[in-house]
Structures are given as C-alpha cells and as structure tokens.
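# Architecture at a glance
Listed here are the chains, written in short residue letters.
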Amino acid sequence: MSYDHNWKPRHNPWAIALTVTLATFMEVLDTSIANVALPHIAGSLGASSEEATWVLTSYLVASAIILPVSGWLSNRFGRKRFYMTCVIMFTVCSFLCGIATSMPMLILARILQGLGGGGLAPSEQAILADTFPTEKRGQAFAVYGMAVVVAPAIGPTLGGWLTDNYSWHWIFFINIPIGILSIWLSNRMVEDPPYLKERAAEAHRQPVDFTGLGLVALGVGLLEFTLDKGQEKDWFGDPMIRATAIAAAGLLLFFTWWEWRHPDPIVDLKLLKNRNFGTAVFLQLVLGMVLFGSTVLIPQYLQTLLGYTAERAGKVLSPAGFVMMFGMAAAGRSLGKIDPRLTVVLGYLATALGIWNLTRLDLTASYGTITLWRMLQVIGLPFIFIPISTLNYVGVPPSKMNQISSLSNFARNLGGSAGTALLTTFLARTAQTHQSALAANTVPGSPAYDNYIGSIANILRSQGMSAAQASQLAVGRAYQEMLRQAQMLSYKNAFALLAFVILLLSPLPLLMRLPKKSEKPSPEAMGH
C-alpha cells in the first residue's frame, strides 16, 4: 500500500487537534460526572445502590468491548465516518440517558453510550498521529492529554453542583451542546489520508472475521464484568464470578490463537512483537492501574474515613488536574529536547515518590495537606503519558496507526479496571488483617484500653448518661475507632504497594527504541 508523504490535512493541524479534543473532554467528563450522582439516580428511579452501580458498569463493559476493535472498524468503514458515528451515538444516547424514566431504560442507554464513547479515544489519537509530523506529535498529544486530565478534575465538582441544584438528568443533558458542536466541527475539519481511503476500499473486498469479532466482544465483556463485580461478590467464592472468569480466560486465549493465524485480523496482535509498542502497551497497562487506582483510593479515603461529601472530595482532586494540565504542556514542549525514555523513567520515579508520600496520610490530615500531596503525586504523570503516546508509533507503518491507538487505549482502560478491582480487594482483605491485629491488643485489662474506655465513659456521664449506658456506648465507640484505624492502615499499605510496583517498573522504558532520523522528515524533505 502506498503512503503519500506529501499529504497534509487541508485545515490547520491545531484546529483539528482542538476539534477531536472537544469530544474527548465530553466523554471523559461524563465518565467522572456520573459517579457523584449514583445515590440520586438510585433514589429517583426506585433502585437499590447495587443496581445503580450498573449505570457505571454497563458503560465500562460496552466501552471496553469496542476499544480493541475500533482500529479495525476505522480501517473498514473509514476513520472519519467511524469517528463521527461514535460522536453522534454518544450525543444521542446522552439525551436518552437524561430522559430515562426507569433503571432498565437508563442502563440500555448507557450501554449504547459506552459503545459510542469507547470508540472516540483510539480514533482521536490515530487522527493526531496522522495529522502531525513525528516531531510535533508530543505537543499534539499534550493538548489532547489536557482534556483527559482536566475533565476528571472538574467532573465530580460539576456533577455534585448540577445534581444538588438541578437534577441528575442534567449530568447527561450537558453533553448535548458539546456533542452538536463536536459533530459540526468534525465534519468540517477531520479528513482521512489517502492511504486510509485505499485501506477502506481494500477492506470492503475482504470477508469479515465474525469469529474474531464475537470472541473479542464476549471475552472482553466477561473480563470487564468479572473485574468490576469481583470484590462485591467475593471473587471466586461466588459461582457466577467463577464462571465469568473461566469463560473470559478461555475465550480470550482462543481469540489470541485465532487472530494470530488470521490473514486480516480484527485485532492485529502481531504488532506486540514491535519492541517499542509491546513495551508501551505494558507501560500503558500499569499507567492505567496507577492513574485510575489512585483516583479511586483518595476519594474513598476522604468519604469513608474523614466524612467528606462527594463534592468536597471532588474539590480535593481538582487542583491536581490543573497541575497535570500545566505538566502536559511542559512535557509536550520538552519532547525532542530530552531523550523521551529518560523522561518516562523520571516520570515513574516522581510518581512512585508522590504515591509513597501518601502513606503519611492519617485520620487527622487537613484538607490543605491532602490537596497538596495529591498535587505532588500527579506531577510525574504527564512526563509518562506524553512520551509513551509518542513512542507508541515509532517503527510502525502508517496503515497500522488505527490498530496502535486502539490497543494502547484498551491496555490503559483494562489497567484501570484491573487496578481498581485489585486495590478494592486489597483494601478489604488488609483491613480485616489489621482489624484482627488491633483487636488482639484491645482487651479489657490492658491499661491503654481501660483508660480510653474510662475517658469516653466519663464524658458521656457528664452529659447526663447513666454509668451502664455510658460504659456500653464507650465500648461501641472504641470498636468503631478500631475499624477506622484498621481501614486507615490498609490505605497506607495500598499506597505503599502502588509506589513499590511503579519503582520496580521504572527502568522498563529504556528498552524502547528512539525514532530514527528518517522517521522525522523535515517539511522540505517531505516535498521531494
């Protein structure tokens, strides 16, 4: 297949970057904004809190299914057509979510919205990789990355404000004007390069690998369900989780074998043989675990142990989003001046240090301290995200760019789901261990325990309570305090574990290759 090196988009590349970033912002904002409104949705639609979590799960499963196949869909139907279909689908389904009058209706609309939203990120990254020359890609990904980090930073606060002042329906309606603007701009700005048009014409002549399509949809859907519901159902203690985990493993193993031998695979797994891309996919997986895992841990700690509201917990996270935004701009500008592999190593070390610092959190930490430490924790992340997103494409033929972006996004999202599930389980199990250890020391007769019970009982008696009541209530208070201490210790352990994993992986980026000089053609050379 020929690749026309003289091809350039008709519109300003930065206008194209801002156009695709708009849809990203809408999709990422929606993912984080819905979390805050779950209790309101459950109350309004007469559902239990467990049923309400399906509003999140259904979206995540649908989005995970579409991610690995979006590269193939772009090649087959044309990237612009596929991308615009995703934006339209996401916008229309946002309206359907907003007018939902029952939980089944809302979940169905969220599944369709997830199918649209899941296809956006891979298409956008491939569009950016095609629109910009290699030496400008870092800055383009920095613009795109800003939307990815700013949206979750303002999402919980905006979601809390809309839900409190209007209703939960508005968290979905807010997407409609952004979606309409994105559709109009995409239609004007985005175009497919000649090689993609050739590829789409060729793809239509080849039979569809329905077996691969079915295997990846079922396998990924069951895997996402297992990860999302595992902790809630006590993992392999639950027959349904056992069945879905075994089925997911079997289907994905068969899918790998099938796709490896197929002449026109749905997901081109042979790309993982490229050293850069194979390493980048693994690093994206870990980045997803850290990014999503820590973003779940901190609000949980604030709400369950310090009694913060969802909106106040969102405000603690917001400044970190703006730190990452400035970091993205700095990382984009530094690309090409410093070895990107070294930048990633330093980014990992800074992140490990930032997360290790969170082990100093306790039950008396102030709002300002937590906000500052969260800001320090994310300083290194842009210096991982931007260079990896750029190194992904080194040594890869242009015709494979759609596949590259869909696989790397899938790795990051899968890492996010796995990281959240594993950390939630780790928290629950270590809290039980700490509870047993603390309970062994809180026994009547120990001077510290007796003093604690005595002091609380005295306070309660001074408030007019009888001695028996005061003593009984003091024991209850001591038990509650022990549970809080055990949970706090488990959060410290979780942060320490994350920091240790990142530290171990920090040398891995050095395995990647740098772009050759020939992969960085100058504008003059491209004209000959």
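My aim in this report is to walk through the structure given alongside it, one point at a time. Fair warning: this is a prediction, and the values are worked out from it, not measured in the lab.

Before going further, it helps to spend a moment on the overall build of the chain. Across its full length, the chain carries 21 helices and zero strands. Computed over C-alpha atoms, the radius of gyration of the chain comes to 25 Å, within 12% of the 24 Å expected from 2.2 N^0.38 for 528 residues, which places it in the range of a compact globule. By principal-axis analysis of the C-alpha atoms, the chain measures approximately 90 × 50 × 45 Å. Taking all 528 residues of the chain together, the buried fraction comes to 52%. Considering only contacts within the chain whose residues lie at least 6 apart along the sequence, 84% involve residues at least 24 apart. Carbon and sulfur atoms form 67% of the exposed surface of the chain, whose accessible area is close to 22600 Å².

What follows concerns the pattern of salt bridges. Between side chains of opposite charge, a pair can form when the charged atoms approach closely. Under the defined criterion, the tally for this structure stands at one salt bridge. For Asp 339, the salt bridge goes to Arg 341, with nearest N and O atoms at 2.9 Å. The exposure class assigned to Arg 341 is buried, which follows from its relative accessible area of 18%.

What follows deals with the packing of aromatic side chains. With the rule as written, the count across this model stands at eight aromatic pairs. Here Phe 95 and Phe 173 contribute two aromatic rings whose centre-to-centre distance is 6.2 Å and whose plane-to-plane angle is 40 degrees, an arrangement assigned as tilted. Of this pair, Phe 95 sits in helix 4 (residues 79-98) while Phe 173 sits in helix 8 (residues 170-173), placing them 78 residues apart in sequence. On the accessibility criterion, Phe 95 (41% relative accessible area) is partly exposed. With 6.3 Å between their ring centres and 55 degrees between their planes, Phe 254 and Trp 258 make a pair best called tilted. Taken together, the residues Phe 254 and Trp 258, both in helix 12 (residues 239-261) and four residues apart, mark about one turn of the helix. Here the basic side chain of Arg 312 rests over the ring of Tyr 308, its NZ or CZ set 4.9 Å away from the ring centre.

Checked against the element boundaries, Thr 430 lands in helix 18 (residues 401-441). Residues in contact with Thr 430, not counting those within four places in the same chain, are Ser 490 and Asn 493.

Here Thr 211 is to be found in helix 11 (residues 210-229). Since its relative accessible area comes to 36%, Thr 211 is described here as partly exposed. Each C-alpha atom, one on Thr 211 and one on Ile 183, is 33 Å from the other, the two residues being 28 residues apart in sequence.

What follows concerns the nonpolar core. The biggest cluster of nonpolar side chains holds 99 residues, and the ones touching the most others in it are Tyr 301, Leu 361 and Ile 370. For this core, the element with the most residues is helix 13 (residues 275-304), which contributes eleven residues. For Ile 370, the contacting residues outside a window of four places in its chain are Ile 298, Tyr 301, Leu 302, Leu 306, Tyr 308, Val 316, Leu 361 and Ala 365. Ala 37, Ala 100, Ala 151 and Phe 172 belong to the second-largest nonpolar core, a separate cluster that totals 23 residues.

The next thing to look at is helix 3 (residues 54-77). Structurally, the α-helix is built with 3.6 residues per turn, so residues lying three or four positions apart point the same way. At Val 69, helix 3 shows its largest bend, some 55 degrees. Most of helix 3 is tucked away: 19 of the 24 residues are buried. The positive-phi residue at the C-terminal boundary of helix 3 is Gly 78, with phi of around 95 degrees.

Reading the values: rules and limits
Numbering of residues starts from 1 in each chain and follows the order in which that chain's sequence is written. Residue-level local features of this predicted model are given only where pLDDT is at least 70; pairs of side-chain atoms are given and counted only at 80 or more, and the full residue set underlies all totals for whole chains, interfaces and linings. In computing side-chain values, all of the structure's heavy atoms are included and hydrogens and water are not. To qualify as a helix, a DSSP run of H or I must reach at least 4 residues; to qualify as a strand, a run of E must reach at least 2; elements of each kind are numbered from the N terminus. Using C-alpha atoms as the atom set, the radius of gyration is obtained and then compared with a globule rule of 2.2 Å times the number of residues to the power 0.38. Summary of the burial criterion: residues with accessible area below 20% of their type's maximum are buried, those above 50% are exposed, and those between are partly exposed, where the area comes from a 1.4 Å probe applied to protein chains only. By definition in these notes, contact holds between two residues if any of their heavy atoms fall within 4.5 Å. Computed with the Shrake-Rupley method and a 1.4 Å probe, the accessible areas treat only the protein chains shown as cover for residues. A carboxyl oxygen of Asp or Glu within 4 Å of a side-chain nitrogen of Lys or Arg is what we treat as a salt bridge. Whether two aromatic rings pair depends on their centres lying within 6.5 Å, for rings of Phe, Tyr and Trp, where Trp uses its six-membered ring; planes under 30 degrees apart make the pair stacked, over 60 edge-to-face, and the rest tilted. We count a charge as sitting over a ring when the NZ of a lysine or the CZ of an arginine lies within 6 Å of the ring centre and within 35 degrees of the ring normal. Grouping buried Ala, Val, Leu, Ile, Met, Phe, Trp, Tyr and Cys residues that are joined through side-chain atoms within 4.5 Å yields what is termed a nonpolar core. One fitted axis covers the seven residues ending at a residue, a second covers the seven starting there, and the bend at that residue is the angle between these axes.

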